[in-house]
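The residues making up each chain are set out below.
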Number of protein chains: 2
Amino acid sequence: MSVPLYQAKAEMFRVLGHPVRIRVLELLQAGPRPVRDLLAEIDVEPSNLSQQLAVLRRANVVISFRDDGLVMYALSTPAVADLLAAGRRILGEVLTDRDGLLAELRAHRPG
Amino acid sequence: MSVPLYQAKAEMFRVLGHPVRIRVLELLQAGPRPVRDLLAEIDVEPSNLSQQLAVLRRANVVISFRDDGLVMYALSTPAVADLLAAGRRILGEVLTDRDGLLAELRAHRPG
DNA sequence: TGCCGAGTTGCGAAAATCTTCAACTCGAAC
DNA sequence: GTTCGAGTTGAAGATTTTCGCAACTCGGCA
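What counts, and where the lines are drawn
- One numbering rule holds for all chains: residues counted from 1, following each sequence as written.
- Throughout, the order in which chains and ligands are written sets their labels, letters from A for the former and numbers from 1 for the latter.
- For this predicted model, a pLDDT threshold of at least 70 governs which residues receive local features, and a threshold of 80 or more governs which side-chain atom pairs are given and counted, while totals over whole chains, interfaces and linings are taken from all residues.
- Neither water nor hydrogens contribute to the side-chain values; these are computed over all heavy atoms in the structure.
- Whether two residues are in contact is decided by their heavy atoms, any of which lying within 4.5 Å being enough.
- Put simply, buried area is how much 1.4 Å-probe accessible surface two parts lose in total, over both of them, once they are put together.
- Salt bridge criterion: a side-chain nitrogen from Lys or Arg within 4 Å of a carboxyl oxygen from Asp or Glu.
- For this analysis, a polar contact is any N or O atom pair within 3.5 Å, provided that within protein one partner can donate a hydrogen and the other can accept it, and provided that sequence-adjacent residues contribute only side-chain to side-chain pairs.
- Strands are runs of DSSP state E lasting at least two residues, helices are runs of H or I lasting at least four, and both sets are numbered from the N terminus onward.
- In this classification, the charged set is Asp, Glu, Lys and Arg, the nonpolar set is Ala, Val, Leu, Ile, Met, Phe, Trp, Tyr, Cys and Pro, and all remaining amino acids, among them Gly, are polar.

A.B. asks: Can you break down the interface of chain B and chain A residue by residue, with the values?
C.D. replies: Listed per partner, the contact involves 49 residues of chain B and 49 residues of chain A. Together, the buried faces of chain B and chain A total about 4400 Å²; carbon and sulfur atoms form 73% of this surface. Between chain B and chain A we count 4 salt bridges in total. Residue Glu26 of chain B is joined to Lys9 of chain A by a salt bridge in which the shortest nitrogen-to-oxygen separation is 2.3 Å. Applying the counting criterion to the chain B and chain A interface returns 6 residue pairs in polar contact (both at pLDDT 80 or more). Mapped by element, the contributors of at least two residues to the side of chain B that touches chain A are α1 (5–16), α2 (19–28), β2 (62–67), α5 (79–96) and α6 (101–108) of chain B. Among the elements that take part in the side of chain B that touches chain A, α5 of chain B stands out by supplying 14 residues, more than any other. For the side of chain B that touches chain A, the class distribution of residues is 26 nonpolar, 8 polar and 15 charged.

See below:
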């Protein structure tokens, strides 16, 4: 691999780091959906949604195919849903803890 | 919450979307570390590292404290390690699959 | 062939992010 | 109090991302 692993990983996360892209992925967790549906639920201009979808496609996070005249999108792998779940969990912990960890860590030092 | 949930989630991922920040977090998975160590392993200027650490701090992804004259950093919660692990797994799947999913999805449609 | 709806792409301006340099703060030792 | 090492912060320039508009492509149908 010509790209360092940590850089590829950073890129993966960066791709998820956008509100519209997150919403798309969350909607796709329930299964494949046509662009039309995404557009109806996300409140963004068609061209903008298309650009965000392109970002997700280039990163191989989603795939697209045509079905019955509509362009459909789907998660490229269920692991994407796992990542979203992990993000959701962290968000919960991070928003509640905020302190108490610091004191605990201080206490643990071998001094 | 004044900030929509999907936006907070996007922000969480965006924070991880930087090579230096990813490397920091991976190093911190093994336990708290002084800035000095991070600096030795990451090949970035001190001020730059400090800025990236500040980003992680503001997002409550890491915490910092002083120990024996050195500033230490640590993951704010073990869940951060889970998120990194999920990212690692996706990266593997995404880099290998790339196709085969499309055909499968086509076959599943109810037509 | 020509048209229409569904999506996509190119482009330019605005906004956010990244990186470096210099200046600054803080704690420890003298 | 002064000095030194460790780390942080502020600011400016360069790079990247974002977003809306307009133009374009593609498939289906008259």
